[in-house]
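A closer look at the structure
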Amino acid sequence: MADNNERCLNIIERIFSNWTALRMAVEHGMGSTEQARNFCEYVAEILRINEKLDQLDLAAELEDYMDAEFHTQLEDDSEKQVAEEIHRLHYLLLNDVEKLDSEILKLPEVKPWIVKKTETVRKVLDEAEGNDDEDDEGTNVPRNKMEVDDDGFALVTRKRR
């Protein structure tokens, strides 16, 4: 069950990171990225508690949350589209995991603005370390490792001549 909760949260983060209204609210200072992440967790919890929640109620919940927490009134009905997508994927999560996997592949990637900086840097470091072995010709090529401080910022150093 914990695996389903984590997958549900990941799906919501992916959808929310591509939701223009939410991103613009954060970019314009109506809320923080931390609030956006809390919004993801809030929706995941609503779905966990109310597995039979319909998409109209979910859309109303999204609209109310955007108004209350981000001081944003949605005039484009995007909350209905977001609720429809979340509701559809949540249904698949509970009933058809194989189809869910293929549908997740169709979603746009998670945009980095909603992910914690330390998570983003760690992901970049993990990917860089995975590609660190060999170049195209099969020879070992050392690559610079990125150092990260406690706040998740990359440390930049000068090259020595």
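Residues numbered from 1 in each chain as written. Predicted model: local features only at pLDDT ≥ 70, side-chain atom pairs only at ≥ 80, totals over all residues. Heavy atoms only, no water.

Stated precisely, the cut-off is as follows: UniProt positions are given in the numbering used here, feature names are shortened, and annotations may be inferred rather than shown by experiment.
Under an unreviewed UniProt entry, the name given to the chain is Pre-rRNA-processing protein TSR2 homolog, and the source organism is Nasonia vitripennis. Quoted verbatim from the Sequence similarities (unreviewed entry) field of the UniProt record, the comment on the chain reads "Belongs to the TSR2 family." Annotation of the chain in UniProt includes, under Function (unreviewed entry), the sentence "May be involved in 20S pre-rRNA processing."

**Observations regarding the environment of Ala36**
The following threshold applies: Only DSSP runs of H or I reaching four residues or more are called helices, and only runs of E reaching two or more are called strands; each is numbered from the N terminus. Exposure classes here rest on a 1.4 Å probe applied to the protein chains alone. A residue is buried below 20% of its type maximum, exposed above 50%, and partly exposed in between. Residue contacts follow a heavy-atom distance rule, with two residues in contact if any of their heavy atoms lie within 4.5 Å.
Its place among the elements puts Ala36 in helix H3 (residues 33-49). By relative accessible area, Ala36 is classed as buried at 0%. In this structure the C-alpha to C-alpha distance between Ala36 and Arg23, which are 13 residues apart in sequence, comes to 8.5 Å. The residues touching Ala36, leaving out its near neighbours within four places in the chain, are Leu22, Val26, Phe70, Trp113 and Ile114.

**What about helix H6 (residues 97-106)?**
Where we set the bar: The arc in question is the one spanned by the directions pointing from the helix axis to the C-beta atoms.
When H6 is considered as a whole, its buried residues turn out to be Leu100, Glu103 and Ile104. Down the axis of H6, the smallest arc covering the buried residues is 105°, so these residues share one side. Opposite the buried face of H6, at more than 90 degrees from it, the exposed residues are Glu98, Leu105 and Lys106.

**Some details on the pattern of salt bridges**
Keep this limit in mind: Should a side-chain nitrogen of Lys or Arg be within 4 Å of a carboxyl oxygen of Asp or Glu, the pair is scored as a salt bridge.
With the rule as written, the count across this model stands at ten salt bridges. Salt bridges sharing partners connect three or more residues here, namely Glu85, Arg88, Lys99, Glu103 and Lys106.

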